[in-house]
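Chain residues, written in single-letter form:
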Amino acid sequence: MKFIFMILLFLNFSYSKNLESSINDFFQDWDNSHNNKNIGLFDKLYSESVNYYNSKNYSKFQILDDKIRILKKYPEFKQSSKIVSKEEISNQLIKVNYEKSTFYNDKNRIFNSYLILDTSNNQLKIYEENDNKNSQTKINNLENNIKNTNLANEEEKISSKDLNLSDNQTKNIENRDNWKSKYIDFYELRTIKSNAEEYPSKLEDWENLYKNHKISISSWLERKFNDPVEIKAWLDTNLFKSNYSNENAHDINRLKEVGINTPDKLKEWSIVSKEVYRIIEYKEKNISIEEAIKWEKFNFRDHYSLKSYTELNVKPDEIKDLKPGILPISKVLILRDLNMKLTPLIESIFYKTNIHDKEQFIKLHNALINNNCKIIEKSDFSYSDEYDNEGLCYPFTGKLIQRLNKNEGIMSPFSYGNGTNSHIYFEGSWAEKSTVSGVVKGMGNVSYTTIMNSKNLIRSGKVLFFK
């Protein structure tokens, strides 16, 4: 059964190597990512969400952040992996047990570890990273730094000596009744206590922050955020992504740069948008909350559309009735410049023709009005009913396959499908065998006699505009 599974998996892989070879290559990359401090390679190896030791559903961003922090701490770190066994867990998951030989902090260590690899999407990605229960994992195990080393465990003895602190910091620590944390792992706790002497007095605040938001404390400290109360106030606005310490710290710094210096100020903007990047964009353009609310009512599908308007200094009141959240900006600005309202006929022009030029729009719109067109129909003229098209206006794209006289000919449909040839009248220069697009008004049908002396019927129309 396992053999069949391996064959199927082999067939699904886009590259030619077999699964075993692919896993060997993967573990070579796995060792190289650690030995060469290659964060870009780490990024390629992990799934978007990973079971990371005792922590479930850690984001790739958190893991990369953690790898950076640890490898900075142990720049001499080296790792060599030896695959011990492989076992199928499901159709998409394979558990690979391996012996991990490491060197760091002047010591060689060997761990019995495993990776669970996701084989879906024609590539290998880490689904879970962990050590086996019989591993030689110690409190200083480099990889097992999230929650395997839990300071709440009574078997672990954490002292000021373990934290490599100054005498003053040691005194502060020893004055605290209980240095064991229910929430902060050993490495996070050491980061807090080794950064500043006043941090021990804030340990409870850090603990609460870690418990409620599961943040990477070291990432905040590296970005000069050393007040857990302030961080909590920002995160409690509920406008930041959970577990994204690097990104959140960056966004808060950007908010401060544009003048939103406190969480309370940010809450004022929450009535505009729940997206921090959107709020930053408004502030960068010196747009007030009142004006931003008007922009948000347009329900832009992406922030690039909004950016296009703000960069042109367009005001929301100028285009409020022109569906700027739906129509392309070029077409909205045509109507704004012409001081025209959006009508069903104009909407059909924008949706059914490829008009982006103001002069062409004016020409087509005038032609439709002069010929009493209420709207441009949805289907191409080549699909219209020969008996039921009179007075209706259709879009078309077609080739003039036969000129009958200067302003009359037979047009074939450009698109493949069930469209058929049409008889058309037109004004202007249209070379035979060339293809144009435009709008035609149905005139019913005309009949003609074939060379076999049989009578045929063909739809007929008058071209109102083409280009």
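If you're wondering where the values come from, they're calculated on a predicted model, not measured in any experiment.

Rules used throughout
- Residues numbered from 1 in each chain as written.
- Predicted model: local features only at pLDDT ≥ 70, side-chain atom pairs only at ≥ 80, totals over all residues.
- Heavy atoms only, no water.
- Disulfide = S-S within 2.5 Å.
- Helix = DSSP H or I, 4+ residues; strand = E, 2+ residues; numbered from the N terminus.
- Buried < 20%, exposed > 50% of the residue type's maximum accessible area, 1.4 Å probe, protein only.
- Pairing = 2+ DSSP bridges.
- Axes fitted to C-alpha atoms, helices over the stretch in contact; angles between N-to-C directions.
- Contact = heavy atoms within 4.5 Å.
- Expected span 1.5 Å × (residues − 1).
- pLDDT = per-residue confidence, 0-100.
- Core = buried A, V, L, I, M, F, W, Y, C linked by side-chain atoms within 4.5 Å.

Asker: Summarise the state of the cysteines; cite the residues concerned and give the values.
Answerer: Within this structure, the stated rule accounts for one disulfide. Between the sulfur of Cys373 and that of Cys393 lies a disulfide, 1.8 Å long from S to S. An S-S torsion of about -55 degrees defines the bridge between Cys373 and Cys393 as left-handed. Remark: Cys393 occurs in strand β7 (residues 393-405) and Cys373 occurs in the loop between α17 (358-370) and β7; sequence separation between them is 20 residues. Given the relative accessible area of 5%, Cys373 is considered buried.

Asker: Break down the sheet that holds strand β9 (residues 422-425) for me, with residues and values.
Answerer: Read once around its circumference, the closed barrel built from five strands follows the order β7-β8-β9-β11-β10, with strand pairing classed as mixed. Within the sheet, the average angular offset between the axes of one strand and its neighbour, ignoring direction, is 45 degrees. Pairing between strand β8 (residues 408-413) and β9: four bridges, direction antiparallel. The partner of Gly409 across the bridge, within β9, is Ile424. Each of β10 (435-449) and β11 (455-466) is contacted by α17, which is oriented at about 130 degrees to β11, the strand it contacts most.

Asker: Could you give an account of the sheet that holds strand β2 (residues 55-59), naming the residues involved and the relevant values?
Answerer: Pairing within the open sheet is mixed, and its six strands lie in the order β2-β1-β6-β5-β4-β3. Each edge of the sheet is formed by a strand with only one pairing partner; in this case those strands are β2 and β3 (78-88). Recorded for the sheet is a direction-independent mean angle of 25 degrees between the axes of neighbouring strands. Alignment of β3 against strand β4 (residues 93-104), held across ten bridges, turns out to be antiparallel. Bridge pairing in β4 places Ile83 opposite Tyr98. Packed on one face of the sheet, helix α4 (residues 60-73) meets β1 (46-52), β2 and β6 (125-131) and runs near 70 degrees to β1.

Asker: Requested: an account of α4, with residues and values cited.
Answerer: Helix length check: α4 (14 residues) gives 20 Å between terminal C-alpha atoms against 20 Å at 1.5 Å per residue, within 8%. The buried fraction of α4 amounts to ten of the 14 residues, a majority that puts the element mostly inside the structure.

Asker: Give me the pairing of β4: which residues, what numbers.
Answerer: β4 sits mainly inside the fold: nine of its twelve residues count as buried. Between β3 and β4, which pair antiparallel and follow one another directly, the connecting turn spans four residues. Here twelve bridges tie β4 to strand β5 (residues 107-118), and the two strands are oriented antiparallel to one another. Within the sheet, the bridge partner assigned to Lys95 lies in β5 and is Ile116.

Asker: Before we move on, could you go through helix α10 (residues 245-257) and cite the residues and values that matter?
Answerer: Over its 13 residues, α10 extends 18 Å from the first C-alpha to the last, a length consistent with the 18 Å expected when each residue adds 1.5 Å. For α10, every residue scored as buried is listed here: Ser245, Asn246, Asn248, Ala249, Asp251, Ile252, Arg254 and Leu255. Looking one or two residues past α10, Gly259 carries a phi angle of roughly 105 degrees, positive in sign.

Asker: So what about the confidence of the model for the protein chain? Which residues, and what values?
Answerer: Mean pLDDT over the protein chain works out to 79, with 78% of the residues at or above the 70 mark. Considering only residues more than four positions removed or in separate chains, one finds that residues 1-16, a stretch of pLDDT under 50, has 24 contacts. Contacts for the low-pLDDT stretch residues 136-184, under 50 throughout, to residues beyond four places or in other chains number 122 contacts.

Asker: Any chance you could break down the nonpolar core for me, citing the residues and the numbers?
Answerer: Within soluble globular proteins, side chains that are nonpolar tend to cluster in buried spots. Within the largest apolar cluster, 83 residues are counted, with the highest numbers of intra-cluster contacts made by Trp30, Ile126, Leu255, Trp295 and Leu368. With five residues, helix α2 (residues 19-35) is the single largest residue contributor to this core. Leaving out residues up to four positions away in the same chain, Trp30 has contacts with Phe42, Leu45, Tyr46, Lys67, Gln79, Ser81, Tyr98, Leu115, Ile126 and Glu129. Counting twelve residues, the second-largest nonpolar core is a separate cluster that includes Phe396, Met411, Trp430 and Val463.

Asker: So what about the environment of Lys78? Which residues, and what values?
Answerer: Note on placement: Lys78 falls in strand β3. Separated by 24 residues in sequence, Lys78 and Thr102 place their C-alpha atoms 5.6 Å apart. Those residues in contact with Lys78 that sit more than four places away from it in its chain are Asn35, Ser101, Thr102 and Phe103.

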